[in-house]
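Secondary and tertiary structure notes
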Amino acid sequence: RELLRQLEVAGHDTLRLNILDELVGINKQQPEARAYYAGELLKEAEWQKNSTFQCKAYLYFVFIEFNKRNIRAVKSWMQKLELLARRGKLYDIMWQGQQCYIELLVLDEEYELAERETQKMLKEAEFVWTDYCRYLFGRYLSDDFSWARGYRSFRACFCTFIKDR
């Protein structure tokens, strides 16, 4: 309730974007409310021309559609996210979305497409080595993380990449 009160009086500035971002996070278990606040975040971020929060809103829609296992919608949101994230060099946000997209491809047993997307991600990661990239590579290389067929190639790509580092 406090956030909603703050939202009512907030101007069109970064504070408003932060409040909307927090409201999206708070509503993870309520898909309709989450989608509503993600939409409001996107509108406000576009109005303020804030590419970081626009990318976050796109990413939230990727998560929402991922949870519905709606691969077409995930891909559509990812195209928007990738375009803006590359322009703004917001790779960590982009890679979170790509990770969801790849995992959804694996869940749907689209292994060849998952491998192509992974290769694309790997190629781009060679030029940009961020903290999230380190986390992601570490996660897929850990012994605890073992997905059958779909991630064999994914892990092999990352192993090759890590060796060359």
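First, a word on scope: everything that follows refers to the structure included in this document. Computed from a prediction, not measured in an experiment: that's the story for all the values here.

Looking now at the overall build of the protein chain. Within the protein chain one finds nine helices and zero strands. Starting at the N terminus, the α and β elements of the protein chain follow one another as α-α-α-α-α-α-α-α-α. For the protein chain, buried positions account for 47% of its 165 residues. If you sum the accessible surface of the protein chain, you get close to 9,600 Å²; carbon and sulfur atoms cover 49% of it.

Between two packed helices, the angle of one axis relative to the other and the distance separating the axes together describe the packing. Their axes nearest at 9 Å, the elements helix 5 (residues 71-88) and helix 6 (residues 91-107) cross at an angle of 160°. As summarised for this structure, helix 5 and helix 6 are arranged roughly antiparallel, according to the angle between their axes. In terms of crossing hand, the pair formed by helix 5 and helix 6 is left-handed. Residues Ile-71, Val-74, Lys-75, Met-78, Leu-81, Glu-82, Ala-85 and Arg-86 of helix 5 touch helix 6, and the partners they reach there are Tyr-91, Ile-93, Met-94, Gly-97, Gln-98, Tyr-101, Leu-104 and Leu-105. Tallied by class, the residues present in the contact of helix 5 with helix 6 amount to eleven nonpolar, two polar and three charged.

Looking at where Leu-7 falls in the secondary structure, it is placed in helix 1 (residues 2-9). Those residues in contact with Leu-7 that sit more than four places away from it in its chain are Arg-16, Ile-19, Leu-20 and Leu-23.

This structure, assessed with the given rule, holds seven salt bridges. For Glu-44, the salt bridge identified is with Arg-16, shortest N-O distance 3.4 Å. In this pair, Glu-44 is assigned in helix 3 (residues 31-48) and Arg-16 in helix 2 (residues 14-26), connecting sequence segments 28 residues apart. You can call Glu-44 buried: its relative accessible area is 8%. Assessed through its relative accessible area of 17%, Arg-16 is described here as buried.

Negative charge collects at one region of the surface, where Glu-109, Glu-110, Glu-112 and Glu-115 lie side by side. Structurally, Glu-110 is set in the loop between helix 6 and helix 7 (111-125).

Its location among the elements puts Glu-117 in helix 7. With residues near it in sequence (within four places) discarded, Glu-117 still touches Tyr-101, Ile-102 and Leu-105.

All right, on to the packing of aromatic side chains then. Inspection of the entire model under this criterion finds five aromatic pairs. Taken together, the aromatic side chains of Tyr-58, Phe-61 and Trp-77 make up a single cluster linked through ring pairs. Above the plane of the ring of Trp-77 lies Lys-80, whose end atom (NZ or CZ) is 4.5 Å from the centre.

What counts, and where the lines are drawn
Residues numbered from 1 in each chain as written. Predicted model: local features only at pLDDT ≥ 70, side-chain atom pairs only at ≥ 80, totals over all residues. Heavy atoms only, no water. Helix = DSSP H or I, 4+ residues; strand = E, 2+ residues; numbered from the N terminus. Buried < 20%, exposed > 50% of the residue type's maximum accessible area, 1.4 Å probe, protein only. Areas by Shrake-Rupley, 256 points an atom, 1.4 Å probe, with all protein chains shown as cover. Axes fitted to C-alpha atoms, helices over the stretch in contact; angles between N-to-C directions. Parallel < 35°, antiparallel > 145°, perpendicular 65-115°, else oblique. Left-handed = near helix turned anticlockwise from the far one by under 90°. Contact = heavy atoms within 4.5 Å. Nonpolar A, V, L, I, M, F, W, Y, C, P; charged D, E, K, R; others polar. Salt bridge = Lys/Arg side-chain N within 4 Å of Asp/Glu carboxyl O. Patch = residues over 30% accessible without salt bridge, like charges linked within 9 Å, V, L, I, M, F, W, Y side chains within 5 Å. Lys, Arg positive; Asp, Glu negative; His and termini not counted. Charge placed at Lys NZ, Arg CZ, Asp CG, Glu CD. Phe/Tyr/Trp six-rings, centres within 6.5 Å; stacked < 30°, edge-to-face > 60°. Lys NZ or Arg CZ within 6 Å of the ring centre and 35° of its normal.

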